[in-house]
Amino acid sequence: MNRLSAERSAYLKHSAYQNVAWYPWSEEAFEKAREEDKPVFLSTGAVWCHWCHVMARECFENEEIIKILNENFINIKLDRDERPDIDRRYQLAVAAMGYGGGWPLSVFLTPDKKPFFGGTYFPPEDSHGRPGFKKVLISVSDFYKAKRSSVYEFSEKLDGLLKPGPLSSGELNESMLNQAVGDILSEFDPQNGGFGTVPKFPMPGAMEFLINRYYFDRKESIEAAVKKTLEAMAKGGFRDHVGGGFHRYSTDEAWIIPHFEKMADDNAWLLRNYSDAYAVFGDEYYKKIAEEIIGFIRAVLSDPNGGFYASQDADVIPEDEGGYFTWTEEEFRRILDEDEYRVLSLCLFHERGSMPHDELKKVLFIGAEAEEAAVKTGMDLKSVNDIIKRGKEKLLKERNKRETPFIDRSLYMSLNGMLITSYLNAYRILKDEYLKDFSLKTLERLLKSRFINSELFHSEGVKAVLEDYIYLIEALIAAYEVSGSASYINQANELMALCIKKFWDETEAGFFDTAEEVLGVRLKAIEDIPHPSANALGIIQLLRLYHLSDNQEYLKKAGRALRAFSGRAAELGLHSGYYFYAADYYFNMLRLTLHIKPQSRLSKEALSSYSPYTSINYSDDKGYILPCGKSGCYEPVYNIDELKDFLRSRRKK
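Residues numbered from 1 in each chain as written. Predicted model: local features only at pLDDT ≥ 70, side-chain atom pairs only at ≥ 80, totals over all residues. Heavy atoms only, no water.

A. Region of interest: the packing of helix α21 (residues 534-549) against helix α22 (residues 552-572). Remark: α21 packs on α22, axes separated minimally by 8 Å, with the N-to-C direction vectors making an angle of 155°. Considering their axes alone, α21 and α22 lie roughly antiparallel with respect to each other. Regarding α21 and α22, the two cross each other, and that crossing is left-handed. On the side of α21, the interface is formed by N535, I539, L542, L543, L545, Y546 and S549, while α22 contributes Q552, Y554, L555, K557, A558, A561, L562 and F565. By residue class, the composition of the contact of α21 with α22 is 11 nonpolar, three polar and one charged. (Axes fitted to C-alpha atoms, helices over the stretch in contact; angles between N-to-C directions. Helix = DSSP H or I, 4+ residues; strand = E, 2+ residues; numbered from the N terminus. Parallel < 35°, antiparallel > 145°, perpendicular 65-115°, else oblique. Left-handed = near helix turned anticlockwise from the far one by under 90°. Contact = heavy atoms within 4.5 Å. Nonpolar A, V, L, I, M, F, W, Y, C, P; charged D, E, K, R; others polar.)

Here it is as structure tokens:
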């Protein structure tokens, strides 16, 4: 009997029609496994995940495979967005077995929840170097029955490997920032932009760190890497050129062919990258991309009553990967007039955008700029830009007639906190009042529905993990800075006290990911995977609250955590970009206490002036702003020119 129909998760509900006897994650399932002396098959995934849908269609709707599953296993389906804590632990286990990671995650467990074999996507039969799922199921079942002691012995050894060892703490000094910049730039791809190799993910933590380092240092190598990456991501098919926003990652080195799911967290962080880059470099192109991200989120991932949805699926049907987002030449000719077809074909429609499963379908990407199209068509540049704008509007109108990929309307606390802060950050730079109004409305809704009797919830009925607390604290501080309302900063301090009580490691420093052991372990990580580490973000909130409250305990804890993670962060380099952002914050924090009216011109200038690692504090009206560093204050600032001069002086260190 399939037991998923009553679940809240959209992903689990999507599997409720299958004939697999699915359980949700529950003690009932493991008790059943013990009673029947069967191994557990755990499938974790998400509603946005293309290969989850492929495996569901190929395997979980295959009658022969269903029979094997139901007769030989107790089967559990888990939504990784709803329970990231459980998913993370089994991801580490499968990686330790040497089978990589990702979704769908397919793990075989003993009845006491310990993994002994696993992988990711399995086709039904042997294919493309992957073993068939049918063969895997039979082999695992036979092995479990014949060599039970070996199964338990291996699972115990693996369980021991997953217990985190001691951190290699080290010194904390400003020279580590230059070393980190060098390590990150060593992985920069100068030809295609981005970092590392295929598949290419945006690395927003590393980008934020580099943008801020450039603000201070003005190094050409940093500028080149940041600009090349931002432009390459924006010009590739990784960006949705019709509807705005970004897909999840690029399957090729040139950012052309994406995996098409569109995630709240990715777009939240890319909004920060592009809006901050606009503030630092002044390039209107970055502003345009930031505004397009906002347009996508507003149209697709926003609840009119306040709140941000989790994701938009990659596909309508798994057989047509990216079908909703791709175009054929016949569609271009039918939808566009002659000039629009000519110009948009030159600029956006190219063979390199062909989909592997159907070469007639193309991902749109900028293969030629408007200037080049103007030369080739003999049109003036303004006409070309007008035609591109008009043509994109027609394509969007036509695309809106298609069946839309599923939107997961779950309101997860962590994702909402993330987007509230990104919106308020963008509000300060772009000065769009909608961003402030919608963010504060969302914050009020989430505080009422997710913070109940001093207990925070990740989603309805699911207790919060570290990143839920940290992202909400960050959102509350951001709300205080744009509004001046003391209630926000008071709630931020209240939540940080709870966060320290529940998650702080008094022995070694840093935050655990969960309040209690999950599967016998609490994890304490610093890497960005790929959005920034909750521990790094937690350190930053400790520093911000120290500077807004003068609570020395916050500063001590932040320093201890930075030292505790320093060795691990140095090993990770690129993948601990936000740790180095936190370290940079520690050395270069600035507080502007506004002894002026919140709506004054000087106050508004302070709020909209981009200066890294700066906190805004409000106090009584004395007619000036008082800037203070980590351990001392500067001369008061009385007017806009003096404020600009002071902030500019930060760049000359």
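Let us keep going from here.
B. Inspection of the nonpolar core at higher detail. Residues F209, Y274 and Y423 are the most contacted members of the largest nonpolar core, which totals 147 residues. Counting residues per element, this core draws most heavily on helix α19 (residues 466-483), at 13 residues. Residues contacting Y274, with those up to four places away along its chain left out, are L230, M233, A234, F246, Y286, I289, A290 and I293. Grouped together as the second largest cluster of nonpolar side chains are 24 residues, V20, W22, F60 and F108 included. (Core = buried A, V, L, I, M, F, W, Y, C linked by side-chain atoms within 4.5 Å. Buried < 20%, exposed > 50% of the residue type's maximum accessible area, 1.4 Å probe, protein only.)

C. Spotlight on the sheet that holds strand β13 (residues 451-452). Read from one edge to the other, the open sheet built from three strands follows the order β13-β14-β15, with strand pairing classed as antiparallel. Edge positions in the sheet fall to β13 and β15 (462-463), since each has one partner strand and no second. Note that β13 and strand β14 (residues 455-459) share two bridges and pair antiparallel. Each residue of the ladder has a partner; that of F451, found in β14, is L456. (Pairing = 2+ DSSP bridges.)

D. Focus on the pattern of salt bridges. If you walk through the whole model with that rule in mind, you get 53 salt bridges. Across the salt bridge formed by R239 and E292, the nearest N and O atoms sit 2.9 Å from each other. Residue R239 is located in the loop between α10 (220-235) and β6 (249-250), and its partner E292 is located in helix α12 (residues 284-300); the two are separated by 53 residues in the primary sequence. With a shortest N-O distance of 3.3 Å, R568 and E571 are connected by a salt bridge. Taken together, the residues R568 and E571, both in helix α22 and three residues apart, mark about one turn of the helix. (Salt bridge = Lys/Arg side-chain N within 4 Å of Asp/Glu carboxyl O.)

E. Region of the structure containing the sheet that holds strand β16 (residues 590-595). Sheet architecture is open: three strands sit in the order β17-β16-β18, paired in mixed fashion. Strands with a single pairing partner mark the edges of an open sheet, and in this sheet they are β17 (614-618) and β18 (624-628). On average, each strand axis in the sheet is tilted by 20° relative to the strand beside it, whichever way the strands run. Where β16 lies against β18, five bridges are found, and the strand directions are antiparallel. Directly across from L594, in β18, lies its bridge partner I625.

F. Inspection of unusual backbone geometry at higher detail. For the peptide bond that leads from W103 to P104, omega is 0°, which places it in the cis range. Along the polypeptide, P104 turns up in the loop between α5 (84-96) and β4 (105-109). With an omega of -15°, the peptide bond running from I529 to P530 counts as cis. Here P530 is to be found in the loop between α20 (486-503) and α21. Despite not being glycine, D37 has its phi angle at roughly 55°, a positive value. We classify D37 as partly exposed; its relative accessible area is 41%. Non-glycine residue W255 carries a positive phi angle of around 65°. By the secondary structure assignment, W255 is in the loop between β6 and β7 (258-259).

G. Molecular detail of the state of the cysteines. Applying the stated rule across the entire model yields two disulfides. Through a disulfide, C49 is tied to C52; the S-S separation comes to 2.4 Å. When the S-S torsion is 80°, as for the bridge of C49 with C52, the disulfide is right-handed. A residue is classified by how much of its surface remains accessible, and C49, at 4% relative accessible area, is buried. You can call C52 buried: its relative accessible area is 4%. (Disulfide = S-S within 2.5 Å.)

H. Molecular detail of the packing of helix α24 (residues 601-608) against helix α25 (residues 640-649). One can describe the packing of α24 onto α25 by two numbers: an axis separation of 10 Å at closest approach and a directional angle of 20°. On the basis of the axis angle, α24 is roughly parallel to α25. Between α24 and α25 lies a crossing of right-handed hand. Where α24 approaches α25, its residues R601, L602, E605 and A606 are matched on the opposing element by I640, L643 and K644.

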